[in-house]
Amino acid sequence: MPSFDTKKIGEIHRELHSHLPSDPALRVKALESLLVEKGLVAQESIDNWIEMYAERIGPKRGAQVIARAWCDPDYYARLMEDAGQAIKDFGYEGHATEHLKAVQNTAFVHNLVVCTLCSCYPFSVLGMSPIWYRSAAYRARAVKEPRAVLAEFGVTLPEAVKVRVWDSTAELRYLVVPERPRGTEGWSEAQLAAIITRDSMIGTQRDLSLEPA
Amino acid sequence: MDGPQDLGGKESFGPIEVDAPDYREDWEARQWALSKLSSAPGVTIDWFRHGIETMAPSVYLSVPYFQKWNVNNLALAVDAGQFTLEECVAGHAAERAAPAPVLSKDDLEEMQRGMAADFSRPVEAPPGFAVGDQVRTEARLRPGHSRLPGYARGAEGVITAHHGAHLFADEGARGLHVAEHLYTVEFRAGDLWADAEGPDDTVCIDLWEPYLERP
């Protein structure tokens, strides 16, 4: 069982830092070898996880969810009420999405999601987070200067548009619902899903292009 | 704790690498797999996060993200008695056990779906606050793990949602399963930062009741 002792775990971290090889690839190999040799994880399962994750879990899932919400007012209402439940229609529930909350961009509000304390992310609907989302710069700056951050992503907000930043401090996770672009009237869910980007669901993109992402 | 993880509002990190890929190195995807496929016995999500927070700030801020996960997985396993420090340094187990069963991609997709975890719990105590209430966050720093970011300590905001009671992170990092009422609190940027770029922009933070008081 864990000690749940702050001083003890800090001491173990210092010991490991002084004695492990500095190359992170070797450190990961050490963890992998220990787990495999102790019969806790099979080597093939690790390879299978990496392939499964790359092939099956990713932002295409979130895009399909949002495309349906754009097309189906009842589904939209359910998504806004309880996104963690609504994604179960697609079987997309999983890691870090049980308490998922959808937040809607409007002509007057732009939503931006961050986790300043670690890097919480709705993995099961968006897949692996981008490196910048996990970076110190994004985590530090998104809450204090969201407009400057957005400008680096090419988003310039009029002053009339208010920014609402969501800092994911508990087990709620946030999914931004971008505005449906003009010129997509009559499009199918599949056509719409193709133009919805990962960044638009984090909030670092605002206007979607009509060209597939 | 006032650890290196509490980055909100810290300055001088420079521009964001907006075009960076999901992974820079193959070992990062591998570490992600190892973290999701294994955990030392009894580890809570809050103890996992707290472990990373105890890294020396100079190390925390200088190593790649998944390297922190890697050393933390090793540290938590040593702490729980699953690995020894010597085994971690050697990179091999002192004794070999029977191999684990192989999980197929379909098995793993199902496992991923099963990771949906409900943190809400029933509690007897009624909520102390309601939507629309003005609240102030506590100004003093709590010992151990806390999910009240430093930039929002001693700040006034408005409750915009009540989520029922959820397992309280501070106690989870002590191995205890205690639920407290959880709220979303919206803060005006101008109340958080003297030099806010848009004073009426807001930051919403999910906070448990023990962090909050009436102003």
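Rules used in this analysis
- Residue indices begin from 1 for each chain and proceed along its sequence in written order.
- Key to labels: chains lettered from A, ligands numbered from 1, both in the order written.
- Two thresholds apply to this predicted model, a pLDDT of at least 70 for residue-level local features and 80 or more for giving and counting side-chain atom pairs, whereas whole-chain, interface and lining totals are computed over all residues.
- Water and hydrogen atoms play no part in the side-chain values, which are based on all heavy atoms of the structure.
- Using a 1.4 Å probe on the protein chains alone, a residue whose accessible area is under 20% of its type maximum counts as buried, one over 50% counts as exposed, and one in between counts as partly exposed.
- A run of DSSP states H or I qualifies as a helix once it reaches four residues; a run of E qualifies as a strand once it reaches two. Both are numbered from the N-terminal end.
- A pair of strands is considered paired only if DSSP assigns at least 2 bridges between the two.
- Helix span, expected: 1.5 Å multiplied by one less than the number of residues in the helix.
- This arc is built from the directions going out from the helix axis to the C-beta atoms.
- Whether two residues touch is decided by their heavy atoms; if any such pair falls within 4.5 Å, the residues are in contact.
- Joining through side-chain atoms within 4.5 Å is the link that ties buried Ala, Val, Leu, Ile, Met, Phe, Trp, Tyr and Cys residues into a set, and such a set is a nonpolar core.
- When two cysteine sulfur atoms lie within 2.5 Å, the pair is treated as a disulfide.
- For this analysis, a polar contact is any N or O atom pair within 3.5 Å, provided that within protein one partner can donate a hydrogen and the other can accept it, and provided that sequence-adjacent residues contribute only side-chain to side-chain pairs.
- What counts as a domain boundary in this text is fixed by an automatic or database domain assignment.
- In what follows, salt bridge is the name for a side-chain nitrogen of Lys or Arg lying within 4 Å of a carboxyl oxygen of Asp or Glu.
- Two parts lose some accessible area (1.4 Å probe) when they are put together, and adding that loss for both gives the buried area.
- The classification used treats Ala, Val, Leu, Ile, Met, Phe, Trp, Tyr, Cys and Pro as nonpolar, Asp, Glu, Lys and Arg as charged, and all other residues, Gly among them, as polar.

### A short note on the pairing of strand β2 (residues 109–114) of chain A
Residue and element names in this part refer to chain A.
- Of all six residues in β2, six are buried, a share of seventy percent or more.
- With burial as the criterion, each face of β2 is covered, one bearing V109, N111 and V113 and the other bearing H110, L112 and V114.
- Pairing between β2 and strand β3 (residues 162–167): six bridges, direction parallel. Its bridge partner being in β3, H110 is matched across the sheet by V163.

### Points about helix α3 (residues 43–56) of chain A
- An ideal rise of 1.5 Å per residue puts 20 Å on 14 residues; α3 of chain A measures up with 20 Å between its terminal C-alpha atoms.
- By the burial criterion, the buried members of α3 of chain A are S45, I46, N48, W49, M52 and Y53 of chain A. The arc that holds the buried residues of α3 of chain A, viewed along the axis, is 165 degrees, so those residues lie on one side. Summarising the geometry of α3 of chain A, the exposed residues directed more than 90 degrees from the buried face are A54 and E55 of chain A.
- The inward-facing, buried residues of α3 of chain A contact α2 (24–37) and α7 (123–126) of chain A together with α1 (26–37) and α6 (105–113) of chain B.

### Structural notes on the nonpolar core
- W49, L79, Y138 and I196 of chain A together with F83 and L212 of chain B are the most contacted members of the largest nonpolar core, which totals 123 residues.
- Ranked by residue count, the leading element in this core is helix α4 (residues 65–79) of chain B, at nine residues.
- Beyond its immediate stretch of four places on either side in the chain, F83 of chain B contacts L31, L34, L35, K38 and L40 of chain A together with L74, A77, V78 and C88 of chain B.

### Regarding the state of the cysteines
- For the structure on display, the rule yields zero disulfides over all chains.
- Between C118 of chain A, a cysteine without a disulfide, and C120 of chain A, which holds the nearest cysteine sulfur, the sulfur-to-sulfur distance is 3.5 Å.

### Brief notes about the environment of I16 of chain B
- Here I16 of chain B shows up in the segment before α1.
- Spatially, the C-alpha atoms of I16 of chain B and D195 of chain B are 20 Å apart, while their sequence positions differ by 179 residues.
- Here I16 of chain B is in contact with W132, A137, Y138, R141, V149, E152 and F153 of chain A, once residues within four sequence places are set aside.

### Description of the side chain of S35 of chain B
Residue and element names in this part refer to chain B.
- Here S35 lies in helix α1.
- Side chain to side chain, S35 and N73 meet in a polar contact 2.6 Å long.
- When neighbours within four sequence positions are excluded, S35 is seen to be in contact with W69 and N73.

### Digging into the domain arrangement of chain A
- On domain assignment, one finds that chain A holds domain 1 (6–55) and domain 2 (57–202).
- Computed from C-alpha atoms alone, the centre-to-centre distance between domain 1 of chain A and domain 2 of chain A is 31 Å.

### Considering the sheet that holds β3 of chain A
- With mixed pairing, the seven strands of this open sheet are ordered in space as β2(A)-β3(A)-β4(B)-β3(B)-β2(B)-β1(B)-β5(B). The open sheet has two edge strands, β2 of chain A together with β5 (212–213) of chain B, and neither has a second partner.
- Relative to strand β4 (residues 202–208) of chain B, strand β3 (residues 179–188) of chain B runs antiparallel, the two sharing seven bridges. Bridge pairing in β4 of chain B links F187 of chain B to V203 of chain B.

### Points about the domain arrangement of chain B
All names here are of chain B.
- By the assigned domains, chain B splits into domain 1 (26–113) and domain 2 (134–213).
- Each of domain 1 and domain 2 has a C-alpha centre, and the two are 29 Å apart.
- Facing the six residues of domain 1 at the interface are seven residues of domain 2.
- Linking domain 1 with domain 2 are zero salt bridges.

### Thoughts on the interface of chain A and chain B
- Taken together, the contacts link 98 residues of chain A with 113 residues of chain B.
- Here chain A meets chain B over a buried area of about 9,500 Å², counting both sides, of which 62% is carbon and sulfur.
- When residues of chain A are sorted by the area they lose upon contact with chain B, E37, W49 and K144 of chain A head the list and together hold 9% of the total.
- Inspection of the region where chain A meets chain B yields 16 salt bridges.
- The shortest N-O distance in the salt bridge between K8 of chain A and D79 of chain B comes to 3.2 Å.
- At the surface where chain A touches chain B, the tally comes to 52 residue pairs in polar contact (both at pLDDT 80 or more).
- No other element matches α3 of chain A, which puts 13 residues into the side of chain A that touches chain B.
- For the side of chain A that touches chain B, the residue count by class is 48 nonpolar, 22 polar and 28 charged.

### Structural notes on the environment of R198 of chain A
- Among the structural elements, R198 of chain A can be located in helix α12 (residues 198–202).
- Sequence spacing of R198 of chain A and L175 of chain A is 23 residues, and the spatial spacing of their C-alpha atoms is 9.9 Å.
- The contacts of R198 of chain A, once residues within four sequence positions are left out, are P59, Y121, P130 and W132 of chain A together with D22 of chain B.

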